[in-house]
Structures are given as structure tokens and as C-alpha cells.
Amino acid sequence: MDDTVTIRPRGGVGAFLLKTAGVLLLLVLAALLLAWGVQRYVTQRLSPDPTTIASASLQGVREQNRLSAFAARYVAVVTSRQERMGLSTQKTLIMPGLVRYEVDMSKLTQRDVAWDAATSTLLVTLPPIEVEGPQVDMNAIREYGSGGLLATLTDAESRLDAANRRAGQVELVRQARDAMPMKLARDATRRAVEGSFAMPLRAAGLNATVKVRFADEPKADDSRWDTTRSLQEVLGNTN
């Protein structure tokens, strides 16, 4: 009788292969996770988020408070006349003055900046242009008058001077608000703001277009102004 006992390993070759396959699968998953992490890091570094850049640019332009990209010099010529006791006198005033066209950039919010991903366009809506001044050049003022007996006997001359100065201020502002200088002021401001937003985008390697309009301007026939999401909506901020 043969008393030999044969011991067989449990599981055999199949269990070994199964275990090896499991280890390989874990290694493959780890490699995939590592590759995904590297790709995400590279994408974030090499493809910056335009809305994040625009938000930083917005903060920068808001810190300027008031932006003055255009100024113009005007000359008002006004004449006032007074009559009393059958006498009359008149004076003419030539008043030059400087007017600045400003935008209160502190009023700009994330609701006013929108990113159109489909066309890589940043849309910015500015507060209306404000006319500041006029800053009158007192040394350049010229006055001409007929004088006469009425100016000698009464305060007509001082009254004419005051009336002319008030009228001169009004005339300078009227000239400043004419359609052509307002267009020039808007165009100059538009270019300045477009540059402020475009340069950081281009520096980050983004081929983006910046379009600027003013809140009191009629909207162009462009539905993107109505449908594009603002930075506030994209970033979820409240200010």
C-alpha cells in the first residue's frame, strides 16, 4: 500500500494570473489619473480662463475711478444789453474754456461685462459720458463794451459782466454737448477701454475681440448683447 501524500497548491496558475492582472489594472488606472491631472494642469496653465482675466481687468479699470480720454477747448462769444431811463449799454464777452469728457469707471460692475465664447468677444457696457467743466481760462477772457452814460451812472456794467459770464458758461457747455464732440469723446474713451481689456487677454495668448458701448447709446443690431452671459452670471458673484 502506497502511503505517499501529494500536496497541490491552492489556486494554481489561474489565481496568480488573476492577481497579476489586478495589479496591472491598478497601475493603468493610476497612470490614467496621473495623465489626466497633468493634462488639466497644462490646460489651465496654457489656456487661461478669459472670464477670470476679464474680471481682473475690470477690477483694474474700476480703480481708475474717473477716466478722461478726451478734452476739448471751446470759445464762447456772448453779448448782453441793458436799457434804463432811455439810455442803453452793452458788452460783449469772449470766454475760452476747456471741457473734459469723463466716465465714472467705479460704476462699472460685472453685470456690464459679458463674454461671448462662440466668437471670443468681450462685450463691455460703460456708464454715459459726463461733461466736466468748463474750466475757464480767466487770463484769456476779452470784454468789449459801448460804455456810455448808463454804465457810468448805474451798476449796469457789473450786471452785464455777470450776465455775460453766466451766458458764456452755458454756451461753452452747449458747444461741448454737440453731436460731433460727443462722438469724438465716445470714440476716444472706447479705444482706451478696449485696450485696457484687450491687452491682458492677448498677453495670455487669447485671440479675443473687445467691443465697447455706452449705456445711453442705442444697441447695435446684434443679438449677442442680449444673450451673452455677464461675468456676474459666469462667476456667480453678486457685485
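The structure we're discussing is the one just above.
Residues numbered from 1 in each chain as written. Predicted model: local features only at pLDDT ≥ 70, side-chain atom pairs only at ≥ 80, totals over all residues. Heavy atoms only, no water.

Examining the pattern of salt bridges
Pairing is possible between side chains of opposite charge, provided their charged atoms come close. Applying the stated criterion across every chain yields a total of 13 salt bridges. One salt bridge in this structure joins D161 and K91, with 2.9 Å as the shortest N-O distance. With D161 in helix α4 (residues 156-176) and K91 in strand β2 (residues 87-104), the pair connects residues that are 70 residues apart, well separated along the chain. The buried category is assigned to D161, whose relative accessible area is 17%. For K91, a relative accessible area of 10% puts it in the buried group. It is possible to trace a salt-bridge network through shared partners that takes in R66, E102, D104, K107, E130 and E132. (Salt bridge = Lys/Arg side-chain N within 4 Å of Asp/Glu carboxyl O. Helix = DSSP H or I, 4+ residues; strand = E, 2+ residues; numbered from the N terminus. Buried < 20%, exposed > 50% of the residue type's maximum accessible area, 1.4 Å probe, protein only.)

Remarks on the packing of helix α2 (residues 50-62) against helix α5 (residues 179-203)
Across the interface, α2 lies against α5 with an axial gap of 9 Å and an inter-helix angle of 140°. Accordingly, the angle class assigned to the pair α2 and α5 is oblique. As for how α2 packs across α5, the hand of that crossing is right-handed. Contact with α2, carried on its side by P50, I53, A54, S57, L58 and V61, involves S196, F197, P200 and L201 of α5 and no other residues of that element. Looking at the contact of α2 with α5 residue by residue, the classes come out as eight nonpolar, two polar and no charged. (Axes fitted to C-alpha atoms, helices over the stretch in contact; angles between N-to-C directions. Parallel < 35°, antiparallel > 145°, perpendicular 65-115°, else oblique. Left-handed = near helix turned anticlockwise from the far one by under 90°. Contact = heavy atoms within 4.5 Å. Nonpolar A, V, L, I, M, F, W, Y, C, P; charged D, E, K, R; others polar.)

Brief notes about the sheet that holds strand β7 (residues 209-214)
With mixed pairing, the three strands of this open sheet are ordered in space as β3-β4-β7. Looking along the sheet, the strands with just one partner apiece sit at the ends: β3 (113-116) and β7. Across the sheet, the mean angle separating the axes of adjacent strands is 20° when strand polarity is ignored. In the sheet, strand β4 (residues 121-126) pairs with β7 via six bridges, with the strands oriented parallel. When the bridges of β7 are listed, L122 appears paired with V210. (Pairing = 2+ DSSP bridges.)

Quick notes on the pairing of β4
In terms of residue burial, β4 counts as a mostly covered element, since six of its six residues are buried. Residues of β4 alternate between two faces, with T121, L123 and T125 on one and L122, V124 and L126 on the opposite face, all of them buried. Here β3 runs beside β4; their pairing, made up of four bridges, is antiparallel. Bridge pairing links W115 to L122 in β4. A loop of four residues connects β3 with β4, the two strands running antiparallel in sequence, and S120 in this loop sits at a positive phi of about 50°.

Observations regarding α5
Helix length check: α5, at 25 residues, gives a terminal C-alpha distance of 36 Å against a target of 36 Å (1.5 Å per residue), a fit within 8%. Turning to α5, its buried residues are P181, M182, A185, R186, A188, T189, R190, V193, F197, A198 and L201. Note on α5: the residue one or two positions beyond its end, G205, has a positive phi of about 85°. (Expected span 1.5 Å × (residues − 1).)

Comments concerning α2
Helix length check: α2 (13 residues) gives 18 Å between terminal C-alpha atoms against 18 Å at 1.5 Å per residue, within 8%. Of all the positions in α2, only P50, T51, I53, A54, S55, S57, L58 and V61 are classed as buried.

Some details on unusual backbone geometry
Both trends apply: most residues other than glycine have a negative phi, and most peptide bonds are in trans. Here the residue pair G133 and P134 is connected by a cis peptide bond, since its omega of 10° sits within 30 degrees of zero. Of note, P134 is situated in strand β5 (residues 130-136). Positive phi values are uncommon outside glycine, yet N65 reaches one of about 65°. Mapped onto the elements, N65 comes out in the loop between α2 and β1 (66-84). Under the relative-accessibility criterion, N65 is labelled partly exposed at 46%.

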